[in-house]
Amino acid sequence: MGSVGAINATSAIIKGLALASPIIIWFLTDVFLKKKIKKDILVKSLNAILPLIILALIGIISSLWSPTFITSFTRAFSLLILLFSVSFIVSIFLINKNSDVSRIINLWILAATFWIGLIVGMGAAGVDVAWRYDGRLGGVIISTNTLGAFSAQILGLSVINLVYRRSVVISLAGVFVATIALYWCYSRSSFIALFIGVFIVFVLRGGHSQIKNLALHASKTLIIIIALTTVFFIFNGDSAILSLLTRDGENIQDLYTATSRTLVWREIFSLPFYWYIMGFGYAVLSPDGYVRLDTFLSSHAHNGYIQVLSGVGLIGIFFLFQYIIRVWKVIKIGIKFSYKDVKYVEYLFWFFIINNLSESSIGYQIYPQLVGMLLITTVYSVTLIDICSLKSEHAVNKK
C-alpha cells in the first residue's frame, strides 16, 4: 500500500509540474503580446484567442496520462492547429484595412449554406447515409446535433443580416437551407440556443425601436405560453401531451433526463473530486475513457463545460472562462462605442454559452460552429482594437 501511495503521489507531482508550465507560458506570452500588440495583426489575432491556445497546450500535456493517448493528443493538437489557422486567416483577411466583420460573416454564411445545402440535398434525394436510424438528418456524414447547432448558428446570423438589410440574397439562402436542416435534425437544444441568442440581440440590444418592440411582444407572448403550458403539465400530467415533445412520441423519460444527459453527468460527478484537479486527459470522460450506462456508452459529456472539466481539470476550465470573459469584454466595448457589428458577435457569444450546456461544442472534437465563432469573434476583436485606438486618438486631438 505504501509503494502504491508513493507512486500515486509521484504521479500527482509530475502532473502538477506539467500543468504548471502552461500557467508560466500564459503570463510570459500575455506580457509579450501586450508589448507587440500594436505592431502585427497576426499577434493581435493570437492574443484574442490566447486562453484557448493555452487550453490546447494543456490538452496536449494531459494526453500523457490519458487512458486513450492517441485520441487526447490528436484532438488537442487539432485544436491548437485550428487556433493558429484561424489567426493566420484573420491576419490575411485584415491586411486590407477596409475589411470588417460583416465581410467574414457573409463569407461564412455562404460557405456554410453551400455545405449544409449539400447534406440537405442528399437527404431530400433519399441518400441513406444522410439519415440516421431514427429518421433525423445527419447519418454517417455528420453528427445530427452538430449539424443542428451549425444550422442554428447560420440561421441566426442570416436573420440578423436580413433584419439590417445586409447581403439579402446570401442571407435568404442561408435562412432557407438552415431552416430545413434544423427542422430535419430536430435538435431541440439548438432551437433553444437560437431563440435565446436572437432574443438578446433584438430585445435587449435592438437597434430599431419597431423591431425591438415587436420582438419584445412576441417574446413575452411566447414566454407566457410556455409558462401556462408548464403549469398545465405540472397539475394535469397529461402524458399524451408531454409525449408530443419527445422524439419518438412515446418515451417521456427522455424529457426528464434531457435525453439521458443528466444520467451521464451524474456518473461523471460520482467519481472522486481529486480527478478533476488535473482531468483524465483531453476529450476523455473518466479513467476508462467513457461513461457506461445501462443502455449505451457515452464518449463525451453532452456539456462543453463538464467535458473540459473532466478532460483537463479545473485549470482547463479556468482558461475556458478566461476566453469567455475576454470575448464578453470586447462585446461590452463594442456596445459602448455603438460598433455596428457587435450584434453578430453577441449572438454567437450567447449561442456558444447556451449550446455548450447540452452539447460538447468544445473540449471534444472540432465542430463547425466553434470554427465560425472563432473566425468571426477574432476578426471582431482585432477590428475593435483598431477602432478603439482611432477613437482614442480622435478624442485626444479634440482636446
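Before any of the text, the structure's been laid out above.
So, here is what we can say about the structure in this document. Computed from a predicted structure; not experimentally measured. (Residues numbered from 1 in each chain as written. Predicted model: local features only at pLDDT ≥ 70, side-chain atom pairs only at ≥ 80, totals over all residues. Heavy atoms only, no water.)

Considerations on helix α5 (residues 101-124)
Moving on, step 1. Between its first and last C-alpha, α5 extends 33 Å over 24 residues, near the 34 Å set by a 1.5 Å rise per residue.
Moving on, step 2. Positive phi appears at Gly 126, one or two residues downstream of α5, with a value of about 80°. (Helix = DSSP H or I, 4+ residues; strand = E, 2+ residues; numbered from the N terminus. Expected span 1.5 Å × (residues − 1).)

Considering the packing of α5 against helix α6 (residues 144-163)
Moving on, step 1. With their axes 10 Å apart at the nearest point, α5 and α6 run at an angle of 135° to one another. Between α5 and α6, the angle is such that the two are oblique. Crossing geometry of α5 relative to α6 is assigned as left-handed. Residues Asn 106, Trp 108, Ile 109, Ala 112, Thr 113, Trp 115, Ile 116 and Ile 119 of α5 form the contact with α6, whose participating residues are Leu 147, Phe 150, Ser 151, Gln 153, Ile 154, Leu 157, Ser 158 and Asn 161.
Moving on, step 2. Looking at the contact of α5 with α6, its residues break down into ten nonpolar, six polar and no charged. (Axes fitted to C-alpha atoms, helices over the stretch in contact; angles between N-to-C directions. Parallel < 35°, antiparallel > 145°, perpendicular 65-115°, else oblique. Left-handed = near helix turned anticlockwise from the far one by under 90°. Contact = heavy atoms within 4.5 Å. Nonpolar A, V, L, I, M, F, W, Y, C, P; charged D, E, K, R; others polar.)

Details of a nonpolar patch on the surface
Moving on, step 1. Together, Leu 64, Phe 69, Ile 70, Phe 73, Phe 77 and Ile 81 line one region of the surface with nonpolar side chains, adding up to about 590 Å² of accessible area.
Moving on, step 2. The residue Phe 69 is located in helix α4 (residues 69-93) in this model.
Moving on, step 3. Since its relative accessible area comes to 39%, Phe 69 is described here as partly exposed. (Patch = residues over 30% accessible without salt bridge, like charges linked within 9 Å, V, L, I, M, F, W, Y side chains within 5 Å. Areas by Shrake-Rupley, 256 points an atom, 1.4 Å probe, with all protein chains shown as cover. Salt bridge = Lys/Arg side-chain N within 4 Å of Asp/Glu carboxyl O. Buried < 20%, exposed > 50% of the residue type's maximum accessible area, 1.4 Å probe, protein only.)

Considering the nonpolar core
Moving on, step 1. Judged by nonpolar contacts, the single largest core of 99 residues is most densely connected at Tyr 347, Leu 374 and Ile 376.
Moving on, step 2. The greatest single-element share of this core, amounting to 14 residues, is contributed by helix α14 (residues 304-336).
Moving on, step 3. If we ignore the near neighbours within four places in the chain, the residues touching Ile 376 are Val 101, Ile 104, Ile 105, Trp 108, Leu 157, Val 345 and Leu 348. (Core = buried A, V, L, I, M, F, W, Y, C linked by side-chain atoms within 4.5 Å.)

Geometric values such as these leave the question of function open.
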